Amino acid sequence: MDNLSKLQAQVEAEISQITHESLNTLRELWHETYEASMGEDNFMIMSNHVRSFYDEIIQETVKRKSVIVEDIQKLHDEASNLRRLLQIDFQLSPKKNIPLHSLRAYLDESLKNLRQQLKRRKDEIYELLVEQEDLCDDLGEECRELVDDPLPTAEDLEDFKRYLDKLKGVREERTTEVIQLRRDIKLSLMTLEISLITEADKALVNSMTLPIKTEHLQKLRDMKEEFSSRCRNLATSIDSTRKKLVILWDYLEVGEDVRQRYAGYSEICQTTLDKLQEELMRREKEKKQNIKKVVDKIREEIAFWWNKTLKSDLEMSRFSNFTSELYTEDLLTLHEMELEQLKFFYHSNEKIFELIEERKTLWDQMKSLEKSANNPNRFNNRGGQLLKEERERKTISSKLPKIEKELRELVQAYEKTNLKKFTMFGESVEEVIYNDHEKRKLEKEKLMSARKMIKSTTPTHSRLLTPMPSRTNITGFTSIINNKAKTVGAKPAAVPSMKRKMGRHPDESIAKRSILKELASPNLFVRPKSVKKPVKPIKVIATMQNRNGNRRSSGKQKRLSGKLVARGIAPRIKINSQTDSDSISYECFESYLGDRSPCRSSLMKSPVKKKSPTPSPSKKTKDLPIIM
């Protein structure tokens, strides 16, 4: 038997004891107080009271049980609702066979944390919805739904937060744009020196509580564009008026003080335009009073623009009023119209004129390079001029075809659009380019023909070689040198080699170097034109010695040497005449030859005919007799 059964038996015993004692007491009281029948009735009533009491207790208990059961069911329903709303899966696992009251308490405690989580999620959603409503009211946008059954997931909440951040960014951008638009509008109003009229426009520009709706923003944009356009037109009018004034001032030779005074009106505003227009009207009246002076100035400009737009004499003659002497307002108007047309024509085709000028510059450079290429002195340089010319030639050959191609394309587009030819001094661009190339081609052909004619008529030139005795006297020359070497005790000189370097052809260009230095060597001889002619015997001319011991030649010999040098003939070697002329000549020649290094072959442009020039004196052989 469990505790409840024991407690029930104990309570029943106590109730029985209480009932027995209470009934005995009531019986005695009723017996003494009431009649027997009434006492019997009271016993019956007493039984009914006890039964009613128990019935009430039972009913109340049943009622409480039903409430607890109902509460438990509600808790189960709440748990299911929490699973759905929070989109989480959980299980309530109470102990088995526990009283309903304990079960209710357990379920209630188990759902406490889930209720708090649900409350936090709903509060967060409510705050986000309130924030969205505020942003949408400011921006004039439709609110986005955020469902609460089931509650949005964490990903949904993050997506909604990003949406709100985007709305915040849009509001910030619009706020910044509105501030800038209002500032620009106010500046434009100050520039135009006007003010707003309607209250709606004033609210748009000045109200700080105006919602930043799309329609309001668009109205501000339209307003800003309207006033900005008016400001641009004002600036254009000021600039145009100022240019007209400058032209009139130049025509009328207005002083610098007036120009400086109006230069002070530099601000772009309506006042500046009014002042400039007043001055323009005054100058227009003055222009009409000085028509001849103004027309002459305009004619100078027209002539300048005729040249700039490459007009031919025929095209210029079409403006017959250029030479008219009847100075009227109509003549002035015609000249102004002609000048404006020329300027408009140039600026409309400025790219074409720039290409024409660039092509002309390159063409002139190419012609200059070709002219310098025919100059025989072009190789006499020390600054890399040839390399520089070659680079320029490559640049021109690369750029010129491209410029001509682009020029043709632009001219073709112009002619297709305007249905008329684009001319340069009366000729089409294609004709000018073709004629230039044909003329250059003919000049090259003429130059080549002239060179061929010169080569065919020019006689064969002798070549300047390294010194070598003729085959007829080489043995005697060697024996003399060897005998002299034996007498003195020196080593016999080597026989000159029979192999000689051949020089360049006289028509070929050669690099600049000191030819006189080569001619000054005693090793240098000119091969006679004919080998049949016998070699002249060598003459020794003695020099005179002055009082100081210095040797000198006669005045006649000095004059002869000067003439030979002036004619391009190599000066002759001077040797001393203290001993026998032949032996001394060869002795000096041998010693000089031993001290000198071998010389390279050189080429003379103008060979000397029928003369055998002898080497010029060097530093070591100064004041020696001349060998004939």
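Reading the values: rules and limits
Residues numbered from 1 in each chain as written. Predicted model: local features only at pLDDT ≥ 70, side-chain atom pairs only at ≥ 80, totals over all residues. Heavy atoms only, no water. Helix = DSSP H or I, 4+ residues; strand = E, 2+ residues; numbered from the N terminus. Contact = heavy atoms within 4.5 Å. Areas by Shrake-Rupley, 256 points an atom, 1.4 Å probe, with all protein chains shown as cover. Buried < 20%, exposed > 50% of the residue type's maximum accessible area, 1.4 Å probe, protein only. Salt bridge = Lys/Arg side-chain N within 4 Å of Asp/Glu carboxyl O. Phe/Tyr/Trp six-rings, centres within 6.5 Å; stacked < 30°, edge-to-face > 60°. Lys NZ or Arg CZ within 6 Å of the ring centre and 35° of its normal. Patch = residues over 30% accessible without salt bridge, like charges linked within 9 Å, V, L, I, M, F, W, Y side chains within 5 Å. Expected span 1.5 Å × (residues − 1). Core = buried A, V, L, I, M, F, W, Y, C linked by side-chain atoms within 4.5 Å. Axes fitted to C-alpha atoms, helices over the stretch in contact; angles between N-to-C directions. Parallel < 35°, antiparallel > 145°, perpendicular 65-115°, else oblique. Lys, Arg positive; Asp, Glu negative; His and termini not counted. Charge placed at Lys NZ, Arg CZ, Asp CG, Glu CD.

Caption draft 1: Here's a closer look at the overall build of the protein chain. When its secondary structure is counted, the protein chain shows 19 helices and six strands. Sequence separation of at least 24 residues holds for 75% of the intrachain contacts in the protein chain that already meet a minimum separation of 6. Counting only carbon and sulfur atoms, one obtains 53% of the accessible surface of the protein chain, whose full area is about 43,600 Å².

Caption draft 2: Fine view of the side chain of Lys343. Its place among the elements puts Lys343 in helix α12 (residues 329–348). For Lys343, a relative accessible area of 18% puts it in the buried group. Apart from the residues within four sequence positions on either side, Lys343 is in contact with Ile247, Glu301 and Trp305.

Caption draft 3: Structural context of the pattern of salt bridges. Using the criterion set out here, one finds 35 salt bridges in the structure. Of the charged contacts in the structure, one is a salt bridge between Arg282 and Glu279, with a shortest N-O distance of 2.6 Å. Within this pair, Arg282 and its partner Glu279 are both found in helix α9 (residues 270–289), separated by three residues, close to a single helical turn. Arg283 is the partner of Glu286 in a salt bridge, and the nearest nitrogen-oxygen pair spans 2.6 Å. You can see Glu286 and its partner Arg283 sitting in helix α9, three residues apart, about one turn around the helix. With relative accessibility at 25%, the residue Glu286 sits in the partly exposed group. We classify Arg283 as buried; its relative accessible area is 13%.

Caption draft 4: Main features of the packing of aromatic side chains. Following the criterion strictly, the structure yields 15 aromatic pairs and no others. Ring centres 4.9 Å apart and planes at 90° place the aromatic pair Trp30 and Phe43 in the edge-to-face group. One end of the pair, Trp30, is in helix α1 (residues 3–33); the other, Phe43, is in helix α2 (residues 36–86), and 13 residues separate them in sequence. Relative to Tyr265, the ring of Tyr262 has its centre 5.9 Å away and its plane inclined at 40°; by these criteria the two rings are tilted. On the basis of relative accessible area, Tyr265 is assigned to the partly exposed category, the value being 29%. Ring pairing ties together the aromatic residues Phe304, Trp305, Phe345, Tyr346, Phe353, Tyr414 and Phe422, which thus form one cluster. If you follow Lys311 out to its NZ or CZ, it ends over the ring of Phe345, 4.4 Å from the centre. It is Arg359 that lies over the ring of Trp363; its NZ or CZ is 5.0 Å from the centre.

Caption draft 5: Quick look at a nonpolar patch on the surface. Together, Leu4, Leu7, Val11, Ile15, Val50, Phe53, Tyr54, Ile57, Ile58 and Val62 line one region of the surface with nonpolar side chains, adding up to about 860 Å² of accessible area. Elements with a minimum of two residues in the nonpolar patch: α1 and α2. The dominant element in the nonpolar patch, judged by the number of residues it contributes, is α2, at six residues. Structurally, the position occupied by Tyr54 is in helix α2.

Caption draft 6: Up close: helix α15 (residues 429–457). Here α15 spans 42 Å end to end across 29 residues, near enough to the 42 Å set by a 1.5 Å rise per residue. Here α15 has its buried residues at Val429, Val432, Ile433 and Arg440. If you follow the buried residues of α15, they end up packed against α13 (350–373), α14 (385–418), β1 (423–424) and β2 (427–428).

Caption draft 7: Region of the structure containing unusual backbone geometry. Despite not being glycine, Glu253 shows a phi value in the positive range, around 55°. Within the element layout of this structure, Glu253 appears in the loop between α7 (214–252) and α8 (256–263). In the Ramachandran plot, Leu310 falls in the positive-phi region, its phi being about 60° despite a non-glycine side chain. The topology assignment puts Leu310 in the loop between α10 (291–308) and α11 (313–317).

Caption draft 8: How the structure looks around the nonpolar core. Judged by nonpolar contacts, the single largest core of 61 residues is most densely connected at Leu407 and Phe422. Ranked by residue count, the leading element in this core is α7, at twelve residues. Discounting residues that sit within four places of it in the chain, Phe422 has contacts with Phe345, Asn349, Ile352, Phe353, Ile356, Val411, Tyr414, Glu415, Glu427, Ser428 and Val429. Core analysis: the second largest hydrophobic core is formed by 26 residues, Leu75, Leu85, Phe90 and Leu103 among them.

Caption draft 9: Up close: the packing of helix α5 (residues 154–192) against helix α6 (residues 199–206). Direction vectors running N to C along α5 and α6 enclose 125°, while the axes themselves pass 9 Å from each other. Between α5 and α6, the interaxial angle falls into the category oblique. Here α5 contributes Arg182, Ile185 and Lys186 to the contact with α6, which in turn contributes Ala203, Leu204, Val205 and Asn206.

Caption draft 10: Inspection of a negative patch on the surface at higher detail. Taken together, Glu193, Glu267, Asp274 and Glu278 make up a surface patch of like negative charges. Along the chain, Glu193 falls in the loop between α5 and α6. Judged by its relative accessible area of 44%, Glu193 is partly exposed.

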